[in-house]
Structures are given as C-alpha cells and as structure tokens.
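Inside the fold
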Amino acid sequence: MRQRLEEREIAFRRLYAEHFDAVLGFALRRVDRPEDAADVTADTFLVAWRRLAHVPPAHETRPWLYGVARRVLANQRRGDRRRSALGDRLKRELATCVPDTSDHVVQQADVVAAMRRLSGRDQEVLELHLWEGLESREIAEVLGIPTAVVRPRLSRARSRLREVLGNDPPPAGHLPSKTPELARKERP
Amino acid sequence: MSTTKLTDEAVAMLPLEAGRAELLEEIMTTVAPDRPVTAPESPRRPSRWLVPVAAAAAVVAIAAATIWSQGLLPGEEKSEVASPLNLPEGQGIVLDAPGWTVDALNSDGIMFRKGQAELEVTTYDAEDYDSYVEDREHIYDPPAPGEPIQVLGRDAQMWAYSPDDHAAIRVVEDGHWLEVRGSGMDEAAYLDLLDQLRLTSQVEFEASLPNGYVTEGGRQAAADKIVRDIRSVSGKGFPGDTPSFADGDAKDRYQFGAEVVGAYACAWLESYANAVSHDQQGQVDEAVAVLGTSREWPILREMDADGDYPEVLWQIADEAAAGDLQDSYPEGLGC
C-alpha cells in the first residue's frame, strides 16, 4: 500500500507540473479577477488528485483537466461563491503580479471583443480552439459531446466570427506550454 | 471579463512559484480516495446524449452523424440495437407532469423540460454503479452518501449540487441503473417530479413521444420518404447505392433528418470531389446541379426552423457550385 501511495504522489506531481500552467491559463483567460483563477485551478487539481486513477493518459489528460476546470468555472459563475480552501498564497500572488502581456496574448483585444458578440455556445468552442489550441476531437472531450457535433459548430462559429470581424479569423491558437517550469517542490 | 488573454507561456513566467508549490502540497495533504491506480476508466460520462432538439442552434442535433465517425456506415452490421433508453427489455419512462415535454432523447437517456427547469434521466450498466456512487459522494465535502429516497419504486440516493440542482442514483435493476438529475427547481419540486416519473412498456413510451420522433421500426420508411421528397426536387437519388437507415441512434425528426440528408449530401459531395480530381466535367456539373437544389429540399426547409444544419449544408453546396469546396467539408456535415 505504501508503495502504491508513493506512486500516486509521483504521478500527481508529474501531472501537476505538466499541466499547471495550462490549467491556470485556461482559468485566467476566463475570469475577471485573477484570484478567481486560483480557485478554479485549486479545485481542478483537487479533483484530479481525488480521481487520479480516472485521469486519462497522455494527450487526453489536458482536455480532461480542461473539462473539469470548465465545470468548476460553471459552478463559480452560477453563483457558487464558495472560495476554495486551498491556494491562498497563489491567490495573493495572482492578485499582485501584473504581467507584461504585450507579446504574450492568445488573441488581440479586438478579436476578443468580436468573440463576445457571438452566442455563448459559439464562443466556447472558439475559445477552446483559438485560446487552448484544441482540435475538434479534443474540444469534444472537454465539452463531453461527440466530435461530429463539434466540427460543424466550430466551422459555423468561425464563419460567424469572420462576419463580425469583417475578415478571416485569426489562426488557431497558441501552442500550449511544452516545457513547464517546475516549481521548487516539484523538482526531483 | 478581462480582454487580456495570456498565453500559457506568459502564465509560466508569472512569479507564482511559492503559491504554486504550496497549492501542490495542500492538495496532496487532503485525503484522496484510497483507490488502486488500476481502477476502471472514468465513469463520468458527460451528458453526450443531451441533444437539444429545437431550442438551441441545433447543429448539435446532427449527433446522429457519430455513427459514421465511429466507423459504422449505414447498412453496416452493428451491435444489437439497444432497447429504448437502455432500460431492461421492453421498458420506457414517461413523466406525467403538466407542462413538461420531451426535450431530447437518445439511446441512453431522455431529457424533459419545462421552461428553464430540466429533468434528465440517464441509464447506465450495472458495472458502473459503484464508481458513480463514489463519484457523487464527492459532491459533498467531506464525501458522504446521498439522502435515501425512492425513485420509481426503488431505493435511491440523492445529492444536492446546489439548492436548485439535485441528482439521484437508483439502485441496479436487471443489469441497469439510472440517474435522475433535476435543475432549475428546489428539492421539494424535484422530489415531487420524481414521484411523477413512471416506468412504462416500450409501446407506451413510444406513444408518449411527441410527433416527429422516429421509432425503431419506422426508420427506413421515414428515410425513404425523405429521400423521395428530395428526389422530387433534385431529380436524382443517391449517386451510388442507397444506404440503409434501418439502424441508428437518432430518434427525433431533426437528428434523423440530418442523418438522412447528410448521407445524401455527403454522397454527392464525394461524387463532386472525385469528378473534380479526375477532371470529369459532366459529373461535376451533375453534382453541382443536384446540390444547387438543396435550398428546396423539403427536409432541410423543415429542419431550418429548428437549427443550423441546413445553413451549413447550403454554404458547402454554394462553395461546390463556386468551385471552392473546402477540404474540411466532411467535418461540417459529419460525412
């Protein structure tokens, strides 16, 4: 049992190191206050920790985490203002750090504004595509719907964004972080 | 919402090292379920069957097209057709509550709606029962069993996601169990609604569905009629063999229509693409002529009131007519 627990901890540390930036980024891109992103991130990884055996491997991990984060975020938006008991320090840090964003945004403000004029459904698939760089299959995993449903939805959403912008939508998203920076306690 | 959307790289550069490391340790000091790492795959099956029928932009409703994406071509042998709702043989569920209507239906679930309130019934196989119950226990912190209630005459456990969002898991019966989730109503209303759910025969269940739902036995005849109506406008049937529509998941008219008209359009678009690549102008013209009548296809005009699938198809047909068919067209239609 002890060995199993150690394996579990190692697996979770690895998962956390590999996906922390992506999950926090996912949350930051969707909340008003950076501290709220800390809550989403904390609850998402808490679910992953509790359900580690259910986290799918390899390329399916991140869409799974996004799916969890999306549900956490939805609860938060529905008025569940319960603050996560975890991540106080992260909240404080996020509340005070002001990044230089000029070269590191997934989308220019005018495109973000244009996306807001779309329906919530169109907006969500476009965000996953343009902000997280996900393809239809991965978006389907996040949303929990068939890929065949996502494809036309994405295609239509892009057309509508094109209409709003008056030109072609921007290229599909940024690359997710490939070389995560390990925090001190995550390092071997 | 802020208009600044940081990349993951920018997030990685934020000075969050201490908070990040502390959160990791905090999480790992919470009690995790003592579960072997070889536990079965996640039982959390998001509501993939929730196919809005009429309310939303119902391109969603081409969910039926998944039978192709899963490698099952129309007419191809597939596994045994599940009984409706994946309940024990011959059973169905109806909701005898005023103002509630069937909003979506699939092979493993049904959704009822009244205004903003929803009641979802999803069925599962017995083997998933324990893991789902364990999962739902984590709705509460600390995890706890649900409140014991009765659902359709059997024991069940109920949890509250919020004061107006509840879920109940009913015990296994004949190899299946079901979960009923009610949102947009308080606990009393939810419990009251549960009392009005009723198990029925398959015949009564199918009879309870609104007009337009396609029954298992009526699929092929309904498909034949749709194709006949299209042909009366386009002058052509399928460019090759006419596929069978006898088996499939679609049950409401919109989904079923998308399944049939999608197959027809895909066949002609494929014919068009092949003709273009082989420089066969006559066949190109024939396909363009057929697709050019698509705005008059009766089934698409019928579906147009309920969703965007027709718009997508018409857009693609226009692209073909303009000689600008995109390689991604199969994605748009679920070909």
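For the structure, see preceding data.
This text gives an overview of the structure that appears in the document. (Residues numbered from 1 in each chain as written. Chains lettered and ligands numbered in written order. Predicted model: local features only at pLDDT ≥ 70, side-chain atom pairs only at ≥ 80, totals over all residues.)

Let's shift gears to the nonpolar core. Counting 57 residues, the largest nonpolar core has A:V23, A:A27, A:F45, A:A69, A:I139 and A:V150 as its most contacted members. In terms of residue count, the dominant contributor to this core is helix α2 (residues 34-50) of chain A (nine residues). The two domains that each donate at least three residues to this core are domain 1 (1-101) and domain 2 (107-172) of chain A. Non-local contacts of A:F45, meaning those with residues more than four positions away in its chain, are made with A:Y16, A:V23 and B:I27. Counting 35 residues, the second largest nonpolar core, distinct from the first, contains B:I226, B:V260, B:A265 and B:L325. (Core = buried A, V, L, I, M, F, W, Y, C linked by C-beta atoms within 7 Å. Buried ≥ 20, exposed ≤ 12 C-beta atoms within 10 Å, placed from the backbone. Helix = DSSP H or I, 4+ residues; strand = E, 2+ residues; numbered from the N terminus. Domains from an automatic or database assignment. Contact = placed C-beta atoms within 7 Å.)

The next subject is helix α7 (residues 136-143) of chain A. Residue and element names in this part refer to chain A. Buried residues dominate α7, accounting for seven of its eight residues. Every buried residue belonging to α7 is among S136, E138, I139, A140, E141, V142 and L143, and all of these are buried. Phi for G144, located one or two positions after α7, is positive at around 70 degrees.

Here B:A144 shows up in the loop between α4 (129-137) and β5 (147-151). Spatially, the C-alpha atom of B:A144 lies 8.8 Å from that of B:E134, the residues being 10 residues apart in sequence.

As a further point, take unusual backbone geometry. Residue and element names in this part refer to chain B. Despite not being glycine, L152 shows a phi value in the positive range, around 50 degrees. Examined against the element boundaries, L152 turns out to sit in the loop between β5 and β6 (154-162). Judged by the 16 C-beta atoms lying within 10 Å of it, L152 is partly exposed. Even without being glycine, D279 reaches a positive phi, approximately 55 degrees. In this structure, D279 sits in the loop between α8 (253-277) and α9 (281-291).

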